[in-house]
Amino acid sequence: MPLRSLFACLLALGLSAQERPLVLKAARLLNVRTGKMEAPGLLWVQSGRIQAGPAPAGAETLDLGDRTLLPGLIDCHTHLLFPAGLGELGYLKRSHGTLVLDGVVNARKVLEAGFTTVRDVGASAGFGDVALRDAIARGDIPGPRMRVAGPALSITGGHGDLNGFPPHVHVEDDHIVDSPDAGRRTVREWQKRGVDLIKLHATGGVLSNHDDPGAPSFSPPEFKAIVEEARRRGLDVCAHAHGDAGILEATLAGVRSIEHGSLLSPATAKEMKARGTFLVPTLYALESILLPGNPYKITEGSLAKARAILPLRKAGFKVALEAGVPIAYGTDIGVFEHGQVAADFRYLVSYGMTPLQAIQSATLTAAELLRLGGEAGSLEPGRWADVIAVDGDPLTDISTLERVRFVMKGGKTVQKQP
Ligand SMILES: [Zn+2]
């Protein structure tokens, strides 16, 4: 069959232009596994995936100039359905529908900033995170690939409960768990609603009233029941935890990742390392709470908690780094503005990581945490064609990741700046 009629046939079959071979060319490509900067940077994609070997003759070439190609970035701790600076009262005044529409807007911002995959950990909004994930997966709206947790499980009076309001103010409490049996039932219910993982609050938090970030929440039998049931359903569990006792109890119960991990001790870090428990540090979120002028209108009680935790968290992060705990990139966007999703790179480096380690946390390690190592996190053949490009060399200027110039997700160009 002559080539021209072959193309005509393919088009008639409805195959889009994206499925033809496309070569991406730039001055450099960072191999995130070896840390080697390849020059020039070349790869070719077809059918939404990165292909092996040389590109076929006649493939179209997209020349991105003096830029560096990297894998699409992964944020393991987002709140896409939670507008920054909303606060508790703002949240109470917002309908589920409004929160989901906020999520639609934020999903686009995050994707255009170079994040092609996120793990969204804790959205109330009637499982609106599940709906958002599915709408993006269908291609109805632009956004990153999502793994979602639904509402985070909390004890009565814990970080996920709405504290500080008079008893007659009654809000959703399906996510409140006060016994092992309730834990098992809630995990089953959440799976029925379509979540990909379970999130729980293992200690108090910063942006909540009357709970102590240092104190553990669930009893050990409750932790165990939740994690065990999640495992039986094929779901991983991630645990919000600031205080060391809660981090240790959640780790021993078998959670896959600790979120924040502020007051981590060397002994607990050793336990995490031995068990392969990931840390998702969310560094900038705490810094953003304490920004001059209080732009996110944080309450005085939460500001005081943040001030007390910040110096300890810097030490806790170093403890994790020195112990060799796997550290996966996570921001807690929703605490701060979604468009700033790349802000944590600067903080990871200023807290002690090399630029390569910071990039690996948002690619290789994050993909591993999400069990997507064969699909995402590197520019290796067979992976999704999730590719970004930045100006200059991110190994010498990590802040260039805050100005992503080109984004491709699944072989489709999402964003391209001249
Ligand atoms: Zn969070």
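Residues numbered from 1 in each chain as written. Predicted model: local features only at pLDDT ≥ 70, side-chain atom pairs only at ≥ 80, totals over all residues. Heavy atoms only, no water.

Quick notes on the overall build of the chain
Right, so step 1: Helix and strand counts for the chain stand at 13 helices and 17 strands.
Right, so step 2: Here the C-alpha radius of gyration of the chain, 22 Å, is about what a compact globule of 418 residues would show, namely 22 Å.
Right, so step 3: Across its three principal axes, the chain shows a C-alpha extent of roughly 75 × 45 × 45 Å.
Right, so step 4: Here the chain holds 418 residues, and the buried ones make up 53% of them.
Right, so step 5: Summarising the internal contacts of the chain: among those between residues at least 6 apart in sequence, 69% fall at separations of at least 24.
Right, so step 6: Summing over all exposed atoms, the chain offers an accessible surface of approximately 17,200 Å²; the carbon and sulfur share of this is 55%.
Right, so step 7: Across the chain, 45 positive and 45 negative side-chain charges occur, with their mean positions spaced 5 Å apart. (Helix = DSSP H or I, 4+ residues; strand = E, 2+ residues; numbered from the N terminus. Rg over C-alpha atoms; globule rule 2.2 N^0.38 Å. Buried < 20%, exposed > 50% of the residue type's maximum accessible area, 1.4 Å probe, protein only. Contact = heavy atoms within 4.5 Å. Areas by Shrake-Rupley, 256 points an atom, 1.4 Å probe, with all protein chains shown as cover. Lys, Arg positive; Asp, Glu negative; His and termini not counted. Charge placed at Lys NZ, Arg CZ, Asp CG, Glu CD.)

A short note on the coordination of the zinc ion
Right, so step 1: Distances from the zinc ion to its protein donors, His77 (NE2), His79 (NE2) and Asp332 (OD), fall within 2.1 to 2.2 Å.
Right, so step 2: Mapped onto the polypeptide sequence, the residues donating to the zinc ion form the spacing pattern H-x1-H-x252-D.
Right, so step 3: Classification of histidine 77 as buried rests on a relative accessible area of 1%.
Right, so step 4: Residue classification places histidine 79 among the buried positions, given a relative accessible area of 12%. (Donors = N, O, S within 2.8 Å, 3.2 Å for Na, K, Ca; no water.)

Digging into the domain arrangement of the chain
Right, so step 1: Under the domain assignment, the chain is made up of domain 1 (3–71 + 377–416) and domain 2 (85–369).
Right, so step 2: Inter-centroid distance (C-alpha atoms) of domain 1 to domain 2 is 32 Å.
Right, so step 3: Surface buried jointly by domain 1 and domain 2 totals about 1,900 Å² across both partners, of which 69% is contributed by carbon and sulfur atoms.
Right, so step 4: Looking only at domain 1, the three residues that lose the most surface to domain 2 are Ile398, Glu402 and Lys409, adding up to 30% of its buried area.
Right, so step 5: Close ionic contact of arginine 346 with glutamate 402 constitutes a salt bridge, the shortest N to O distance being 2.6 Å.
Right, so step 6: Broken down by secondary-structure element, the contributors of at least two residues to the side of domain 1 that touches domain 2 are strand 7 (67–71), strand 16 (404–409) and strand 17 (412–416).
Right, so step 7: Per element, the largest residue contribution to the side of domain 1 that touches domain 2 is four residues, and it comes from strand 16.
Right, so step 8: Class assignment for the residues of the side of domain 1 that touches domain 2 results in 14 nonpolar, six polar and four charged. (Domains from an automatic or database assignment. Buried area = accessible area lost by both parts, 1.4 Å probe. Salt bridge = Lys/Arg side-chain N within 4 Å of Asp/Glu carboxyl O. Nonpolar A, V, L, I, M, F, W, Y, C, P; charged D, E, K, R; others polar.)

Things to note about the state of the cysteines
Right, so step 1: The tally for this structure, following the rule as stated, stands at zero disulfides.
Right, so step 2: Here cysteine 76 stays unpaired: no disulfide links it, and the sulfur of cysteine 238, its closest cysteine neighbor, is 9.6 Å away.
Right, so step 3: For cysteine 76, a relative accessible area of 0% gives the class buried. (Disulfide = S-S within 2.5 Å.)

A few points about the nonpolar core
Right, so step 1: With 89 residues, the main nonpolar core has Leu80, Leu153, Ile198, Leu200, Ile258, Phe345 and Leu401 as its most contacted residues.
Right, so step 2: Ranked by the residues each element gives to this core, the list is headed by helix 10 (residues 300–323), at seven residues.
Right, so step 3: Viewed by domain, this core spans two of them, domain 1 (3–71 + 377–416) and domain 2 (85–369), each represented by three or more residues.
Right, so step 4: Non-local contacts of isoleucine 198, meaning those with residues more than four positions away in its chain, are made with Ala149, Leu153, Val187, Trp190, Ile226, Ala230, Leu235, Asp236, Val237 and Cys238.
Right, so step 5: Grouped together as the second largest cluster of nonpolar side chains are 16 residues, Ile50, Leu379, Ala385 and Met408 included. (Core = buried A, V, L, I, M, F, W, Y, C linked by side-chain atoms within 4.5 Å.)

Let's talk about the side chain of aspartate 386
Right, so step 1: Tracing the chain through its elements places aspartate 386 in the loop between helix 13 (364–369) and strand 15 (387–391).
Right, so step 2: When its relative accessible area of 4% is taken as the criterion, aspartate 386 is described as buried.
Right, so step 3: Apart from the residues within four sequence positions on either side, aspartate 386 is in contact with Leu70, Pro71, Gly72, Thr116, Thr117, Arg145, Leu379, Met408, Lys409 and Gly410.

Focus on helix 5 (residues 180–193)
Right, so step 1: An ideal rise of 1.5 Å per residue puts 20 Å on 14 residues; helix 5 measures up with 20 Å between its terminal C-alpha atoms.
Right, so step 2: Within helix 5, the full set of buried residues consists of Gly183, Thr186, Val187 and Trp190. The arc that holds the buried residues of helix 5, viewed along the axis, is 105°, so those residues lie on one side. The exposed set on the far side of helix 5, more than 90 degrees from its buried face, consists of Asp181 and Lys192.
Right, so step 3: Contact partners of the buried residues in helix 5: strand 11 (197–201) and helix 6 (220–232).
Right, so step 4: Just past helix 5, the residue glycine 194 takes up positive phi, approximately 105°. (Expected span 1.5 Å × (residues − 1). Arc of directions from axis to C-beta.)

A look at unusual backbone geometry
Right, so step 1: The residue after alanine 39, namely proline 40, is reached through a cis peptide bond having omega 0°.
Right, so step 2: Topologically, proline 40 is positioned in the loop between strand 3 (37–38) and strand 4 (41–46).
Right, so step 3: Its identity is not glycine, yet phenylalanine 127 carries a phi of approximately 60°, on the positive side.
Right, so step 4: Looking at where phenylalanine 127 falls in the secondary structure, it is placed in the loop between strand 9 (115–120) and helix 4 (128–138).
Right, so step 5: With relative accessibility at 16%, the residue phenylalanine 127 sits in the buried group.
Right, so step 6: If you check the backbone angles, aspartate 332 has positive phi at about 75° while not being a glycine.
Right, so step 7: Its place among the elements puts aspartate 332 in the loop between helix 10 and helix 11 (344–350).
Right, so step 8: Judged by relative accessible area, which is 9%, aspartate 332 ranks as buried.

Re the sheet that holds strand 10 (residues 145–148)
Right, so step 1: Strand order in the open sheet made by the three strands is 8-9-10, with parallel pairing throughout. Edge positions in the open sheet fall to strand 8 (73–78) and strand 10, since each of these has one partner strand only. Direction aside, the axes of adjacent strands within the sheet are offset by 15° on average.
Right, so step 2: Across the sheet, helix 4 is in contact with strand 9 and strand 10; its angle to strand 10 comes to roughly 155°. (Pairing = 2+ DSSP bridges. Axes fitted to C-alpha atoms, helices over the stretch in contact; angles between N-to-C directions.)

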